[in-house]
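Residues per chain are reported as follows:
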Amino acid sequence: MPLVHVELVEGRTAEQKAGLVRDITQAVVKNTGATEDRVHVIIEDMKKSNYAVGGKLLG
């Protein structure tokens, strides 16, 4: 059971996340031989105020 955990800064639409999940699932199926129904993808949206780059918060 492949499990893929994706962390993103908030702001993507449901359609963007659905496309990402489709593409990730297909990549895992192609490269591992797992079937689609066994691939699990977790998307975690992070608030910009909880993410920093270069010592500065994004939000």
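Numbers given to residues run from 1 along each chain, matching the order in which its sequence is written. Confidence filtering applies because this is a predicted model: local features only for residues at pLDDT of at least 70, side-chain atom pairs given and counted only at 80 or more, and all residues used for totals across whole chains, interfaces and linings. No hydrogens and no water enter the side-chain calculation; it runs on all heavy atoms of the structure.

1. What about the nonpolar core?
Within the largest apolar cluster, six residues are counted, these being V6, L8, I24, V28, A34 and V39. What counts as a helix is a DSSP run of H or I of at least four residues, what counts as a strand is a run of E of at least two, and both are numbered from the N terminus. Looking at this core, the elements that each hand over two or more residues are β1 (3–9) and α1 (14–32). Whether two residues are in contact is decided by their heavy atoms: any pair within 4.5 Å suffices. Not counting residues within four places of it along the chain, the set of residues in contact with V28 comprises P2, V4, G33 and V39. Put simply, buried Ala, Val, Leu, Ile, Met, Phe, Trp, Tyr and Cys residues joined by side-chain atoms within 4.5 Å make one nonpolar core. Three exposure classes are used, based on accessible area relative to the maximum for each residue type with a 1.4 Å probe and protein chains only: buried under 20%, partly exposed in between, and exposed over 50%.

2. Focus: the environment of V6
Among the structural elements, V6 can be located in strand β1. V6 sits in the buried class, given a relative accessible area of 14%. Through-space distance from the C-alpha of V6 to that of H40 is 11 Å; in sequence the pair is 34 residues apart. With residues near it in sequence (within four places) discarded, V6 still touches L20, I24, V41, I42, I43 and E44.

3. A closer look at α1
Here α1 contains 19 residues, and its C-alpha end-to-end distance of 27 Å stays within 8% of the 27 Å for a straight helix at 1.5 Å per residue. All of the buried residues along α1 are G19, I24, T25 and V28. Contacts made by the buried residues of α1 are with β1 and β2 (40–46). At the exit of α1 stands G33, carrying a positive phi of roughly 85°. The span expected for a helix works out to 1.5 Å for each residue beyond the first.

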